[in-house]
Amino acid sequence: MELTKSAARALKESKYAVAFTGAGISVESAIAPFRGENGIWNKYEEKLFEINYFYSHTKEAWEMLCDGFYEATIKAIPNAAHNALAKLEQKGIIKSVITQNIDNLHTKAGSKNVYELHGNATKLTCIRDGNKYLVRDFDLKIVPSCKKCGAMLKPNFVFFGEMLPEKDMRMSIDASRNCDVMLVIGSTGVVYPAASLPFEAKRNGATIIEINPKSSAFTNEIVDIFIPMESAKAMMQISELL
Ligand SMILES: [Zn+2]
């Protein structure tokens, strides 16, 4: 409780606080993380998420994506940690959320300024003109195609071998440089370039608060307040104090 109190105090005194979230925040929404026990890598082959494989084995890749991955992602609902971040944004305390997650749960919870470094799995994008569509409007048993130009749609998340979305990355770098408090939740800190952002925040003088049941690559390097708790419980406590 002392730790969550310190975190709440730092957030209350901040002028520009941002959140940086990873898979850990969504575990309590039953979204499997990619890494670790019960991780997606244990169920699916990593090649499924490689862009070259996707283009060369399109039908097979879609079939595998439809086998559980999409259903779980579309049906997932935000948990108390997502909800608390949305509430803190409404109160003007959290200015934006930078996320490594593709599950859309921050937006579902009501957060407005969300930068999605790895895209969004609830959308599809045309490989020719970039038009976006919602996954739920398509029967993915057939490879989906663009309603405007007929080209194939691909999942609107970042595959291995693809660039990160330029605008989201730029906004995330700006937010990391400008923030005075960064709340890092549920990130292992091993996926780059995303993991460089908390370091960028620290270099620019921000206080780093980390919520994570286990320590991460950030913990002993840059973290000022480490809260070794599940994110939902910790964020509920922090939120109640603000
Ligand atoms: Zn198109």
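The written sequence of each chain sets the order in which its residues are numbered from 1. Selection of residues for local features in this predicted model requires a pLDDT of at least 70, selection of side-chain atom pairs for listing and counting requires 80 or more, and totals for whole chains, interfaces and linings are taken over all residues. To get the side-chain values, all heavy atoms of the structure are used, and hydrogens and water are removed first.

## Looking at the nonpolar core
Buried Ala, Val, Leu, Ile, Met, Phe, Trp, Tyr and Cys residues form a nonpolar core when they are joined through side-chain atoms within 4.5 Å. Each residue is placed in one exposure class: buried if its accessible area under a 1.4 Å probe, protein chains only, is under 20% of its type's maximum, exposed if it is over 50%, and partly exposed if it falls in between. With 26 residues, the main nonpolar core has L11, I94, L183, I209, I227, M235 and I238 as its most contacted residues. Strands here are runs of E lasting at least two residues and helices are runs of H or I lasting at least four, both read from the DSSP assignment and numbered beginning at the N terminus. Broken down by secondary-structure element, the contributors of at least two residues to this core are α1 (2-13), β1 (17-21), α5 (80-90), β2 (94-99), β7 (181-185), β8 (207-211), β9 (225-227) and α10 (231-240). Contacts were defined at the residue level, with two residues in contact if any of their heavy atoms lie within 4.5 Å. With residues up to four places along the chain from it excluded, the contact list for I227 reads L3, T4, A7, I209, E210, I211, N212, A234 and I238.

## Description of the domain arrangement of the protein
For the domain bounds, the source is a domain assignment made automatically or taken from a database. Domain boundaries in the protein define domain 1 (1-30 + 78-118 + 164-242) and domain 2 (32-75 + 120-157). In this structure, domain 1 and domain 2 have C-alpha centres spaced 27 Å apart. Carbon and sulfur atoms supply 58% of the area buried between domain 1 and domain 2, which totals about 850 Å² over both sides. Whenever a carboxyl oxygen of Asp or Glu lies within 4 Å of a side-chain nitrogen of Lys or Arg, that contact is scored as a salt bridge. Along the contact surface separating domain 1 from domain 2 lie zero salt bridges. Polar contact criterion, stated in full: a pair of N or O atoms within 3.5 Å, where within protein one must be able to donate a hydrogen and the other to accept it, and residues adjacent in sequence count only if both atoms are side-chain atoms. Taken together, the connections running from domain 1 to domain 2 amount to four residue pairs in polar contact (both at pLDDT 80 or more). As used here, buried area is the combined drop in accessible area, with a 1.4 Å probe, of two parts when they are placed together.

## What to know about the coordination of the zinc ion
Tetrahedral coordination by four donors puts the ideal angle at the metal at 109.5 degrees, and octahedral coordination by six puts it at 90 or 180 degrees. Here a donor is an N, O or S atom found within 2.8 Å of the metal, or within 3.2 Å if the metal is Na, K or Ca; sites may look incomplete because water is not among the atoms. Protein coordination at the zinc ion: the donors are C126 (SG), D129 (OD), D129 (OD), C146 (SG) and C149 (SG), at 2.2 to 2.7 Å from the metal. On the accessibility criterion, C126 (4% relative accessible area) is buried.

## Re the packing of α1 against α10
To get an axis, a line is fitted to the C-alpha atoms, and for a helix only the part in contact is used. The angle between two axes follows their N-to-C directions and goes from 0 to 180 degrees. In contact at an axis separation of 9 Å, α1 and α10 are set at 55° when each is read in the N-to-C sense. Taken together, α1 and α10 sit at an angle that is classed as oblique. Where α1 crosses over α10, the two elements pack in a sense that is right-handed. For the pair α1 and α10, contact is made by T4, A7, A8 and L11 and by A234, Q237 and I238, respectively. Residue polarity follows a fixed list, in which Ala, Val, Leu, Ile, Met, Phe, Trp, Tyr, Cys and Pro are nonpolar, Asp, Glu, Lys and Arg are charged, and the others, Gly among them, are polar. Each residue belonging to the contact of α1 with α10 can be placed in one class, and the counts come to five nonpolar, two polar and no charged. Each angle is binned into one of four classes, with values under 35 degrees roughly parallel, values over 145 roughly antiparallel, values of 65 to 115 roughly perpendicular, and all other values oblique. Crossings are classed by handedness, with left-handed meaning an anticlockwise turn of the near helix from the far one by less than a right angle and right-handed meaning a clockwise turn.

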